[in-house]
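Inside the fold
This is what each chain is made of:
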Amino acid sequence: QLLSGMKSQTLAMDVIAYNACISACEKGFEWQQAMQLLSDMATSKLDPDTITCNASISACDKSFRWQHAVQLLATMKFGRLAPDVTT
């Protein structure tokens, strides 16, 4: 809802706003919504950062979607994002 509200008010979404939304999805066990937001970032021509990937991986992990989590980890490597201690 926050994301929709920002878009309707023509506020620019940035990586930090997406990270906050994906993190909220992770805490709410909404892995599909987190993946949709990650996809929306690409559509918006925003590059995810390590925080984005960590929150998305965690959302998948908490919902027992290991295949998606592993795929995201591989995507990090191809995107030249270095996994950190959290990852």
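All values reported here derive from a predicted model rather than from experimental measurement.

This part covers helix α3 (residues 31-43). Taking 1.5 Å of rise per residue, the 13 residues of α3 would be expected to cover 18 Å, and the 19 Å separating its terminal C-alpha atoms lies within 8% of that figure. Those residues of α3 lying buried are Trp31, Ala34, Met35, Leu37, Leu38, Asp40 and Met41. Positive phi shows up at Lys45, right after α3, with a value of about 60 degrees.

Considering all chains together, one arrives at 2 salt bridges under this definition. The salt bridge involving Lys27 is made with Glu26; its shortest N-O contact spans 3.7 Å. What makes Glu26 buried here is its relative accessible area of 10%. Put simply, Glu26 and Lys62 hold a salt bridge, and the shortest N to O gap is 2.7 Å. On the criterion of sequence distance, the pair formed by Glu26 in helix α2 (residues 15-27) and Lys62 in helix α4 (residues 50-62) is long-range, its members being 36 residues apart. Each of Glu26, Lys27 and Lys62 takes part in salt bridges that share partners, so that together they form one network.

Criteria and thresholds
- Residues numbered from 1 in each chain as written.
- Predicted model: local features only at pLDDT ≥ 70, side-chain atom pairs only at ≥ 80, totals over all residues.
- Heavy atoms only, no water.
- Helix = DSSP H or I, 4+ residues; strand = E, 2+ residues; numbered from the N terminus.
- Expected span 1.5 Å × (residues − 1).
- Buried < 20%, exposed > 50% of the residue type's maximum accessible area, 1.4 Å probe, protein only.
- Salt bridge = Lys/Arg side-chain N within 4 Å of Asp/Glu carboxyl O.

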